[in-house]
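Here's the letter readout for the chains.
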Amino acid sequence: MVDLDNPTPEQRTQAISALRAKLDAEENDYCTDLDIWRFSVARQLDVDKSAAMIKEWYLWRKSAGIDDLPVAQANNQHPVPYPIRGYASVADANLTPGITVKEYQLKVNKYFGGGCWHKRDKDGHPVYIERIGRYHIKDIPKKCSMGELFEYHYLMQEFLSRTVFPECTQLAGRDISQQVVIFDLAGISIGMLSHIPALNMLREMLAKDQLYYPECMFKTYVVNAPNMFVTAWKLIKGWLDPRVISKIHILGKDHSEELLKQIPAHSLPSFLGGGCRCSHMAGGCVPSVPMSNYPDLPRKAFMSLRHQVQVSYAEPRHSYTCDVSPVDFEQRSPWGSPMSSPQTLQSYATWFGFKKDSPRSASDLADAPLARTRYMYVRFMADRGRGMVVEVMWQPFGAATTAGLYVQDEEVLIYPETLVDPQRAPVLLELKVPNRAGQLVLNWRIANFDEGQAPFPGPEEAQIPIVLEYSIDSEDDLLEEFQLPPIKRD
């Protein structure tokens, strides 16, 4: 008897060889050993059933053009299809309206409750979190077609298979081809659980996943499950393979202890009982449009940014500075003036790396008079490159002298060096700024060789300047301009 979860190397090799003997040359060339094993396990090592499954899968991929989907990987500039945190192949990102992001993706994102690939579990599996309880369930069947949902879902599955799993495999030193899934049902209602059109969509999607992406789940946790979920679960179980059902754990509100057995605290969001907040990202660990925990900006918000500069591999840095006072938050946004002369760039270059040990921090300023925290947002994008590192400093002004001049206090690091991918899609940076007079300085530079996994350009490509566009606004101005609801932070 073969333990499908822990086969011996000999058992696995024998199963793969037996199944390959049933495939034609083209199918064999297309399939990796990992593909062969996944389909073998999905059909309990029944060679004929596994072969039939692979043949159908191969024909579907070719006819549907699955291999041609724009999957974000380290060696290209495609945007990520969904928020992600804690990976090197692509930088942490939310879904923003990049040039190749389709309108239906932005539409679907508005009705989904919020999801994210969020770091890894203790065994090296990627962790995927979805806030099912925040879905606009009734809007999805009305405003999204099955074709749009399937295309988006397949893009996400391919991103998982081609980008996330390979990175996890490299880090773990062994094959990682399954993920841990957390479905958070907090906020779900009886109307959501009994909405027939949405349930029909779910049934079709589950059927396709089991047919085309089998054995990609290590464990699934359904947390904050109310008592009324029992009825819906009885229905959903009928659509799942028994092996899949055995990996699903239904948990109520006291789920933290069970999750922390599988996922380290630093990789589990605080709202699920962990210690992670991803405070460097708008929306935190899991951005959610229905929860309004970050600004969901429309495409037009990135089409006319106020500043445009060029950087290059020879001149890789750019700095922007502006004075900000409490009145700026009430009346206007600070436009400032970009400072890009060689002298200016040199004077700010020392801020990379040397100010991180400043004895003062943004939290120290929170106790200062008139230091009620406010938020500012930076929108920026680049037309090419391998990623950029951004850092933000705050230079608070001290008391005024008799001459009416301010004495500057020590500078504070309010946003540490962070790698982002503005060449993939626009970036929205959220800055927590004390509400007192001071100077805001943003520093950008092209990522170094050892930052991220994107390949460095060849000699000819390296000569082409990178165009960086950006705007900075107060939160109130940004929300008012694009008629967005107030931000509800955790």
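The following refers to the structure shown.

What counts as what
The residue numbering used here restarts from 1 in each chain and proceeds along that chain's sequence as written. Predicted model: local features are reported for residues with pLDDT of at least 70 only, side-chain atom pairs are reported and counted for 80 or more only, and whole-chain, interface and lining totals are derived from all residues. No hydrogens and no water enter the side-chain calculation; it runs on all heavy atoms of the structure. The secondary structure listing takes helices from DSSP runs of H or I that are at least 4 residues long and strands from runs of E that are at least 2 residues long, numbered from the N terminus. Exposure classes here rest on a 1.4 Å probe applied to the protein chains alone. A residue is buried below 20% of its type maximum, exposed above 50%, and partly exposed in between. For two strands to be treated as a pair, DSSP must find no fewer than two bridges joining them. For every element, the axis is a line fit to its C-alpha atoms; helices are fit only across the contacting stretch, and the angle between N-to-C directions ranges from 0 to 180 degrees. Put simply, a nonpolar core is a bunch of buried Ala, Val, Leu, Ile, Met, Phe, Trp, Tyr and Cys residues held in one set by side-chain atoms that sit within 4.5 Å of each other. The contact criterion used is simple: two residues touch if any of their non-hydrogen atoms lie within 4.5 Å. In this scheme Phe, Tyr and Trp rings, the latter by its six-membered ring, pair at centre separations within 6.5 Å, and the angle between planes marks the pair as stacked below 30 degrees, edge-to-face above 60, and tilted otherwise. Basic side-chain nitrogens of Lys or Arg form a salt bridge, by our definition, when they fall within 4 Å of a carboxyl oxygen of Asp or Glu. For the purposes of these results, a polar contact is taken to be a pair of N or O atoms within 3.5 Å, where, inside protein, one atom must be able to donate a hydrogen and its partner to accept one; residues adjacent in sequence count only when each atom of the pair is a side-chain atom. Angle categories: roughly parallel below 35 degrees, roughly antiparallel above 145, roughly perpendicular from 65 to 115, and oblique for all the rest. For any helix crossing, the convention is left-handed if the near helix is rotated counterclockwise from the far helix by under a right angle, and right-handed if that rotation is clockwise. Under the convention adopted here, Pro, Cys and the residues Ala, Val, Leu, Ile, Met, Phe, Trp and Tyr are nonpolar, Asp, Glu, Lys and Arg are charged, and Gly plus all remaining residues are polar.

Observations regarding the environment of H307
Then comes step 1: One can find H307 in strand β7 (residues 307-311).
Then comes step 2: Classification of H307 by relative accessible area gives buried; the value is 12%.
Then comes step 3: The spatial distance from the C-alpha of H307 to the C-alpha of E469 is 5.5 Å, given a sequence separation of 162 residues.

Details of the sheet that holds β7
Then comes step 1: Pairing is antiparallel across the open sheet formed by four strands, whose spatial order is β7-β16-β10-β14. Looking at which strands have only one partner, the edges of the open sheet turn out to be β7 and β14 (427-434). Averaged over neighbouring strand pairs, the angle between their axes works out to 30° when direction is ignored.

A look at the pairing of strand β2 (residues 115-120)
Then comes step 1: As defined by bridge partners, strand β1 (residues 84-85) adjoins β2 across two bridges and the pair is classed as parallel. When the sheet's bridge partners are listed, I84 is paired in β2 with W117.
Then comes step 2: Here β2 pairs with strand β3 (residues 126-130) via four bridges, running antiparallel. Note that in β3 the partner of G115 across the bridge is E130.

Let's talk about the nonpolar core
Then comes step 1: Grouped together as the largest cluster of nonpolar side chains are 76 residues, with contacts concentrated most on W117 and F159.
Then comes step 2: Counting residues per element, this core draws most heavily on helix α7 (residues 146-172), which supplies 11 residues.
Then comes step 3: Those residues in contact with F159 that sit more than four places away from it in its chain are V71, A72, V80, P81, I84, V90, W117 and V164.
Then comes step 4: Counting 29 residues, the second-largest nonpolar core is a separate cluster that includes V311, V420, V427 and L440.

Comments concerning the packing of aromatic side chains
Then comes step 1: With the rule as written, the count across this model stands at 20 aromatic pairs.
Then comes step 2: Cluster of aromatic residues (ring-pair linked, three or more members): Y82, Y104, W117, Y128, Y152 and F159.

What about the pattern of salt bridges?
Pairs may arise between side chains of opposite charge once their charged atoms sit close together.
Then comes step 1: Considering all chains together, one arrives at 25 salt bridges under this definition.
Then comes step 2: Between R445 and E451 there is a salt bridge, with the nearest N and O atoms lying 3.0 Å from each other.
Then comes step 3: If you follow the salt bridges from partner to partner, you end up with R61, K62, D67, E158 and R162 in one network.

Some thoughts on helix α3 (residues 33-42)
Then comes step 1: The buried count for α3 comes to eight of 10 residues, which makes it a mostly enclosed element.
Then comes step 2: Every buried residue belonging to α3 is among D35, I36, W37, R38, F39, S40, V41 and A42, and all of these are buried.
Then comes step 3: Tucked into the core, α3 has its buried residues touching α1 (9-20), α2 (25-30), α4 (47-64), α9 (196-212) and α11 (242-245).
Then comes step 4: Downstream of α3 by a residue or two, Q44 has a phi angle that is positive, lying close to 50°.

Structural notes on the side chain of K247
Then comes step 1: Residue placement: K247 occurs in the loop between α11 and β6 (248-250).
Then comes step 2: A polar contact of 3.0 Å, which involves the side chain of K247, links it to the backbone oxygen of M217.
Then comes step 3: When sequence neighbours within four positions are dropped, the list of residues in contact with K247 reads Q178, E215, M217, F218, K219 and T220.

Things to note about the packing of α3 against α4
Then comes step 1: Put simply, α3 and α4 touch, their axes get as near as 9 Å, and they point 125° apart. Classified by the angle between their axes, α3 and α4 sit oblique to one another. As for the relative orientation of α3 and α4, their crossing is right-handed in sense. On the side of α3, the interface is formed by D35, I36, F39, S40 and A42, while α4 contributes S50, M53, I54 and W57.
Then comes step 2: For the contact of α3 with α4, a count of residues per class yields six nonpolar, two polar and one charged.

Remarks on the packing of α4 against α9
Then comes step 1: Contact pair α4 / α9: the axes reach a minimum separation of 9 Å and the direction vectors enclose 110°. Considering their axes alone, α4 and α9 lie roughly perpendicular with respect to each other. The residues of α9 that touch α4, namely those facing M53, E56, W57 and W60, are Q210, L211 and Y212.
Then comes step 2: Taken together, the residues that form the contact of α4 with α9 break down as five nonpolar, one polar and one charged.

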